[in-house]
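Okay, here's what each chain looks like letter by letter:
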Amino acid sequence: MLDEFKNAFQKPNNAHVQLIIINVVVFLSLAVVKVFTTASGNADIFELIHTQLAIPAPFFSFLAKPWTIITYAFVHDLGDIFHILFNMLVFYWFGKLFIEYLGSDKLIAIYILGFIAGGISYLLVYNTIPFYEALTPLHGMVGASAAVYAVLVATAVLLPDYTFFLMFLGPIKIKYIAMFYIVISFIGSIGGNAGGNIAHLGGALIGF
């Protein structure tokens, strides 16, 4: 793993590591901006930057910032380190396996299609279903989860009986890991992170 990261942009078929590095660099860069702007009494500057990167739920707000269908997938919640940590760990394990069989180009394609599908799903539910319209979030959505779900499900469909050995749990076929993630997101689609979980399901569908 260390070698993969040290030579991330020189090695062939290493897109999973390259994408992880991009996500981490963006996360750390925004963290630095947030710390300095907040400490200097200019927290509004960070909020302005964040709103230009997060995908907003109202459709007309999105039309004013269409680039957010891409940028949201490379930004993570700075208040929750586990958001990016778990995303990148799952992406590393499943992305590495995916690349072994289909290569980096297809991984990048699935990753991009995943976060686009997640963003579209997010916009659709908040602008067409009354239940979600009443829950419209103020700060939009960020995170690579939809892209990660796309890779996770695509890998599980490609190699359903491939087995991962998980700490404390032992050998588990990856199709069951994918099912677990999908069920959790389905249950969460009416919870506090409803939009995020809807995006997960959109990414999972495109991965399938």
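See above for the structure.
Just so we're clear, the structure is a prediction, and the values are computed from it rather than from any experiment.

1. Describing the overall build of the protein
- Regarding its fold elements, the protein presents eleven helices and two strands.
- Written out in order from the N terminus, the α and β elements of the protein read α-α-α-α-α-α-α-α-α-β-β-α-α.
- Relative to a compact globule of 208 residues, whose C-alpha radius of gyration would be 17 Å, the protein shows 17 Å and is just as compact.
- C-alpha extents for the protein along the principal axes are approximately 45 × 40 × 35 Å.
- Classification of the 208 residues of the protein by burial places 44% in the buried group.
- Carbon and sulfur atoms form 73% of the exposed surface of the protein, whose accessible area is close to 11000 Å².

2. Describing the layout of surface pockets
- Of the pockets and cavities examined, the largest pocket occupies roughly 880 Å³.
- Lining the largest pocket are 41 residues, and of these Asp-77, His-83, Val-142, Asn-193 and Gly-196 sit closest to its centre.
- Listing elements by their share of the lining of the largest pocket, those giving two or more residues are α3 (43-53), α6 (81-102), α7 (104-128), α9 (145-158), α10 (174-188) and α11 (194-207).
- By volume, the second largest pocket amounts to about 320 Å³.
- The set of elements that each furnish at least two residues to the lining of the second largest pocket consists of α6, β1 (163-166) and α10.
- Ranked by residue count, the leading element in the lining of the second largest pocket is α6, at five residues.

3. A few points about the side chain of Thr-37
- Within the fold, Thr-37 resides in helix α2 (residues 15-39).
- Residue classification places Thr-37 among the buried positions, given a relative accessible area of 10%.

4. Re the pattern of salt bridges
- Under the defined criterion, the tally for this structure stands at two salt bridges.
- One salt bridge connects Lys-173 with Asp-161, and the closest N-O pair in it is separated by 3.7 Å. Of this pair, Lys-173 sits in strand β2 (residues 170-173) while Asp-161 sits in the loop between α9 and β1, and the two are twelve residues apart along the sequence.
- Between Lys-175 and Asp-161 there is a salt bridge; the shortest N-O distance is 3.1 Å. One end of the pair, Lys-175, is in helix α10; the other, Asp-161, is in the loop between α9 and β1, with 14 residues separating them in the sequence.
- Accessibility expressed as a relative area gives 23% for Lys-175, which makes it partly exposed.
- In this structure Asp-161 comes out as partly exposed when scored by relative accessible area, which is 44%.
- The network of salt bridges with common partners includes Asp-161, Lys-173 and Lys-175.

5. Focus on the packing of α9 against α10
- Contact pair α9 / α10: the axes reach a minimum separation of 8 Å and the direction vectors enclose 140°. On the basis of the axis angle, α9 is oblique to α10. α9 and α10 meet at a crossing whose hand is left-handed. Of the residues in α10, those in contact with Tyr-149, Leu-152, Val-153, Thr-155 and Ala-156 of α9 are Ile-174, Lys-175, Ala-178, Tyr-181, Ile-182 and Ser-185.
- When grouped by side-chain class, the residues that make up the contact of α9 with α10 number eight nonpolar, two polar and one charged.

6. Details of the pairing of β1
- Bridge analysis of β1 against β2 gives four bridges, and the strand direction is antiparallel. Considered in β2, the bridge of Leu-166 is made with Gly-170.
- The turn joining β1 and β2, which pair antiparallel and follow one another in sequence, is formed by three residues; a positive phi near 75° is taken by Phe-168.

Definitions and limits used
Residues numbered from 1 in each chain as written. Predicted model: local features only at pLDDT ≥ 70, side-chain atom pairs only at ≥ 80, totals over all residues. Heavy atoms only, no water. Helix = DSSP H or I, 4+ residues; strand = E, 2+ residues; numbered from the N terminus. Rg over C-alpha atoms; globule rule 2.2 N^0.38 Å. Buried < 20%, exposed > 50% of the residue type's maximum accessible area, 1.4 Å probe, protein only. Areas by Shrake-Rupley, 256 points an atom, 1.4 Å probe, with all protein chains shown as cover. 1 Å grid on protein atoms, 1.4 Å probe; cavity = no way out; pocket = protein on both sides within 12 Å on 5 of 7 lines; lining within 4 Å. Points joined across faces, edges and corners; volume = space filled by probe spheres on them. Salt bridge = Lys/Arg side-chain N within 4 Å of Asp/Glu carboxyl O. Axes fitted to C-alpha atoms, helices over the stretch in contact; angles between N-to-C directions. Parallel < 35°, antiparallel > 145°, perpendicular 65-115°, else oblique. Left-handed = near helix turned anticlockwise from the far one by under 90°. Contact = heavy atoms within 4.5 Å. Nonpolar A, V, L, I, M, F, W, Y, C, P; charged D, E, K, R; others polar. Pairing = 2+ DSSP bridges.

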